[in-house]
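# Architecture at a glance
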Amino acid sequence: MEEEVAVGTAEVDAGLVRRWLAAAAAEIDREAGRLTELDSAIGDADHGSNMRRGSAAVVAALEREEPATPGAALVLAGRTLVSTVGGAAGPLYGTLLRGAGKDLGDVPSVSPEAFAEAMRAGVAAVARLGGAAAGDKTMLDALLPATEALPDVEAARRAATEGAVATVPLRARKGRASYLGERSVGHEDPGAASAALLFAALEQVVGEAAADG
Ligand code: ADP
Ligand code: MG
């Protein structure tokens, strides 16, 4: 029973995507101070406020437009992030969600496996846009192992969190933190930390969906 909750056997529909992104927005709101603190060490101290503004706009857009399919919900969320977040993270997370949504197409619900595939397509689009790879000390260090572990949402959350922590000893090779060179070593990447919050939220809502039957 416990394991079924962890793996997530429920179909992914527009409602689950809406609940996921609302839960992610709540996590980001709670952790915004920590994200900004991380970004003040190796960036420009705006990651918490960027993510908070973007995720609140996503929640509002999803409530206003009520997209009927998981693909449409993800595309709308992605587009909203691109248009509301000025920092690097807006276009990157926007590309993640829009890429995943496009991959899902127009069906009313998808299997956890298809959702996992779509998320991996979204992550590939982030890597193309930002030109970063694993080990460059970016959000990809959380996103790559997490989406690899899907559809097991519990393993994905753990992989994302471990991936974020594992950025601490790395030297940044992409983004603003790369300007610091050696001085970027010893700090957790803010984008990897926020990516871990996305997967904590996913585990939470999939667990709730399983508990509700
Ligand atoms: P900005 O760097 O413009 O201030 P944010 O502070 O919101 O934007 O986001 C910074 C995060 O964006 C970094 O911690 C990193 O995870 C991510 N990032 C920056 N550049 C790249 C890139 N080229 N590829 C992937 N992720 C990146
Ligand atoms: Mg910043």
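This text goes with the structure placed above it.
Residues numbered from 1 in each chain as written. Chains lettered and ligands numbered in written order. Predicted model: local features only at pLDDT ≥ 70, side-chain atom pairs only at ≥ 80, totals over all residues. Heavy atoms only, no water.

The subject of this paragraph is the packing of aromatic side chains. Enumeration over the complete set of coordinates arrives at 1 aromatic pair. Relative to F115, the ring of W20 lies with its centre 5.8 Å away and its plane at 85°, an arrangement referred to as edge-to-face. One end of the pair, W20, is in helix α2 (residues 14-42); the other, F115, is in helix α6 (residues 112-130), with 95 residues separating them in the sequence. A residue is classified by how much of its surface remains accessible, and F115, at 6% relative accessible area, is buried. (Phe/Tyr/Trp six-rings, centres within 6.5 Å; stacked < 30°, edge-to-face > 60°. Helix = DSSP H or I, 4+ residues; strand = E, 2+ residues; numbered from the N terminus. Buried < 20%, exposed > 50% of the residue type's maximum accessible area, 1.4 Å probe, protein only.)

Okay, the coordination of the magnesium ion (ligand 2) next. Six octahedral donors around a metal ideally make angles of 90 or 180 degrees; four tetrahedral donors ideally make 109.5 degrees. All of the protein donors around the magnesium ion (ligand 2) are D39 (OD), D44 (OD) and D46 (OD); their distances to the metal are 2.0 to 2.2 Å. One chain supplies every donor for the magnesium ion (ligand 2), spaced along it as D-x4-D-x1-D. Its relative accessible area of 34% is what places D44 among the partly exposed residues. (Donors = N, O, S within 2.8 Å, 3.2 Å for Na, K, Ca; no water.)

Here we take up the site of ligand 1. Around ligand 1 sit 20 residues in total, of which H47, N50, A88, M139 and D189 are the nearest. The side chain of N50 places a nitrogen or oxygen atom 2.9 Å from an oxygen atom of ligand 1. Between ligand 1 and the protein, one listed contact pairs an oxygen atom with a backbone N or O atom of M139 at 2.9 Å. Within the complex, 92% of the 570 Å² of free accessible area of ligand 1 lies under protein. Secondary structure elements with two or more residues in the shell around ligand 1: α3 (47-65), α5 (89-104) and α9 (190-211). (Near = heavy atom within 4 Å. Polar contact = N/O pair within 3.5 Å; in protein donor to acceptor, adjacent residues only side chain to side chain. Areas by Shrake-Rupley, 256 points an atom, 1.4 Å probe, with all protein chains shown as cover.)

Attention shifts here to the environment of L16. Considering the arrangement of structural elements, one finds L16 in helix α2. Dropping the residues within four chain positions of it, L16 is found in contact with V205, V206 and A209. (Contact = heavy atoms within 4.5 Å.)

Now for the pattern of salt bridges. Applying the stated criterion across every chain, the model contains 10 salt bridges. For the salt bridge of E117 with R120, the shortest nitrogen-to-oxygen distance reads 3.1 Å. Taken together, the residues E117 and R120, both in helix α6 and 3 residues apart, mark about one turn of the helix. With a relative accessible area of 45%, E117 lands in the partly exposed category. (Salt bridge = Lys/Arg side-chain N within 4 Å of Asp/Glu carboxyl O.)

We now examine the side chain of K137. Among the structural elements, K137 can be located in the loop between α6 and α7 (140-149). Buried within the structure, K137 lacks any salt-bridge partner; its nearest side chain of opposite charge belongs to D189, at an N-O separation of 6.8 Å. Reaching out from K137, the side chain makes a polar contact with the backbone oxygen of L170 at a distance of 2.8 Å. (Lys, Arg positive; Asp, Glu negative; His and termini not counted.)

Before going further, it helps to spend a moment on the nonpolar core. Counting residues in hydrophobic clusters, the biggest one holds 57 residues, and the most contacted among them are W20, Y93, L96, F115, L150 and F199. Listing elements by their share of this core, those giving two or more residues are α2, α3, α4 (70-84), α5, α6, α7, α8 (153-165) and α9. A total of 12 residues in this core trace back to one element, the largest contributor, which is α9. Leave out the neighbours within four places in its chain, and Y93 touches H47, M51, L81, M139, G191, S194, A195 and L198. (Core = buried A, V, L, I, M, F, W, Y, C linked by side-chain atoms within 4.5 Å.)

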